[in-house]
Amino acid sequence: MERKSIWALSISIFLLFTVANSEVEEVKQALVQFMQKLSSGNVPRDQNWGWNTSSDPCNDRWMGVICDARLQSVRKIVLDGFNLSGTLDASSVCITKSLAVLSLEGNSVAGEIPDEISNCKQMTHLFISDNQFSGAIPASLSQLSNLKRLEVSNNNLSGELPDFSRISGLVSFLAENNNLSGRIPDFSFSNLMQFNVSNNRLSGPIPDVRGRFGADSFSGNPGLCGKPLSNTCPPTSTS
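Residues numbered from 1 in each chain as written. Predicted model: local features only at pLDDT ≥ 70, side-chain atom pairs only at ≥ 80, totals over all residues. Heavy atoms only, no water.

Peer 1: Looking at this structure, how should I read the packing of aromatic side chains?
Peer 2: For any two aromatic rings, the description comes down to two numbers: the centre-to-centre distance and the angle of the planes. All chains considered together, the criterion is met by 13 aromatic pairs. Considering the side-chain rings of Trp51 and Trp62, the 5.1 Å spacing of their centres and the 35 degrees angle between planes classify their relative orientation as tilted. In this pair, Trp51 sits in the loop between helix H1 (2-39) and strand S1 (65-68) while Trp62 sits in the loop between H1 and S1, placing the two residues 11 residues apart along the sequence. Between Phe173 and Phe195 the ring centres are 5.9 Å apart and the planes differ by 35 degrees, which places this aromatic pair in the tilted class. Of the two residues, Phe173 is situated in strand S9 (residues 172-174) and Phe195 in strand S11 (residues 194-196); the sequence distance between them amounts to 22 residues. With respect to class, Phe173 is no different from Phe195; both count as buried. (Phe/Tyr/Trp six-rings, centres within 6.5 Å; stacked < 30°, edge-to-face > 60°. Helix = DSSP H or I, 4+ residues; strand = E, 2+ residues; numbered from the N terminus. Buried < 20%, exposed > 50% of the residue type's maximum accessible area, 1.4 Å probe, protein only.)

Given below as structure tokens:
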């Protein structure tokens, strides 16, 4: 009986480690695919680059990857200014369930921001300014309840701004120098510390920003009116 118990315990431990290793392998393969679509083969790779299936993102310190030292899980991917010119494969990168920070600023990443970015449930910081993203800012971003900073400035984004009022912890939203249109939704302006939508095609009255932001956060949108801009909104018609 004792022998059977030991045998059963050994099998359980084996299965446990097999599942754990397969999960790690799945994340590693997903990250390699993410980089393949992001780099388009134009990034010089030396022995310190990593991002391959024969090494580990944490133990071998892949370039731009920062891990949780205790859990050995990927927490941050910071690839600013690496001359990346591919596309953002959110389906792959969001398999990394522990990912909190993704920063791709100062590259030439193109295409749309995928709806699947909402699968990065632990995301707190998304920095993709100074790229060539086009299309709309996906409304699925509003599902990221942990998001604190969203910076998408200096791209080719268009369409209307999503309603981010459900993200109560959002402290920074920077989207200047795009082609965004429509009205400014009612952000939780009492919590925001940084906000800029200047130089777009936004229109309509500016919501009550509670005196927290000046005209430079809204300038360059000829269709916007109301404080803190100097042009007043036309009176609304009454029946």
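Next comes the rest of the account.
Peer 1: Help me understand the pattern of salt bridges in this model?
Peer 2: Pairing between side chains of opposite charge can happen when their charged atoms approach one another. Counted under the stated rule, the structure contains 2 salt bridges. Measuring nitrogen to oxygen at the nearest pair gives 3.7 Å for the salt bridge that ties Lys37 to Asp89. Here Asp89 lies in the loop between strand S2 (73-78) and helix H2 (90-93) and Lys37 lies in helix H1, a separation of 52 residues in the sequence. Exposure remark for Asp89: the relative accessible area of 9% places this residue in the buried category. (Salt bridge = Lys/Arg side-chain N within 4 Å of Asp/Glu carboxyl O.)

Peer 1: Could you clarify how one ought to interpret the side chain of Ser118 in this entry?
Peer 2: Tracing the chain through its elements places Ser118 in the loop between strand S4 (110-112) and strand S5 (125-127). Within the structure, the side chain of Ser118 is placed 3.1 Å from the backbone oxygen of Asp115, a separation counted as a polar contact. With sequence-adjacent residues up to four places away left out, Ser118 is seen in contact with Ser140, Gln143 and Leu144. (Polar contact = N/O pair within 3.5 Å; in protein donor to acceptor, adjacent residues only side chain to side chain. Contact = heavy atoms within 4.5 Å.)

Peer 1: Looking at this structure, I do not really get the pairing of strand S8 (residues 156-160). What am I missing?
Peer 2: When a strand is regular, its side chains alternate between the sheet's two faces. The sheet contact formed by strand S6 (residues 132-135) and S8 spans 2 bridges and is parallel. When the sheet's bridge partners are listed, Ser134 is paired in S8 with Asn156. Strand direction decides the pairing type here: S8 and strand S10 (residues 179-182), joined by 3 bridges, are parallel. Paired with Gly159 across the bridge in S10 is Leu180. (Pairing = 2+ DSSP bridges.)

Peer 1: When you look at the sheet that holds S2 in this model, what are you seeing that I'm missing?
Peer 2: Sheet strands pair via backbone hydrogen bonds, and the direction of the pair is either parallel or antiparallel. The mixed open sheet is built from 7 strands, whose spatial order is S1-S2-S3-S5-S7-S9-S11. This sheet does not close on itself; its edge strands, each paired only once, are S1 and S11. The sheet shows a mean angle of 15 degrees between the axes of neighbouring strands, taken without regard to direction. The pairing of S1 with S2 spans 4 bridges and is classified as antiparallel. Looking at the pairing, Val65 lines up with Ile77 of S2. (Axes fitted to C-alpha atoms, helices over the stretch in contact; angles between N-to-C directions.)

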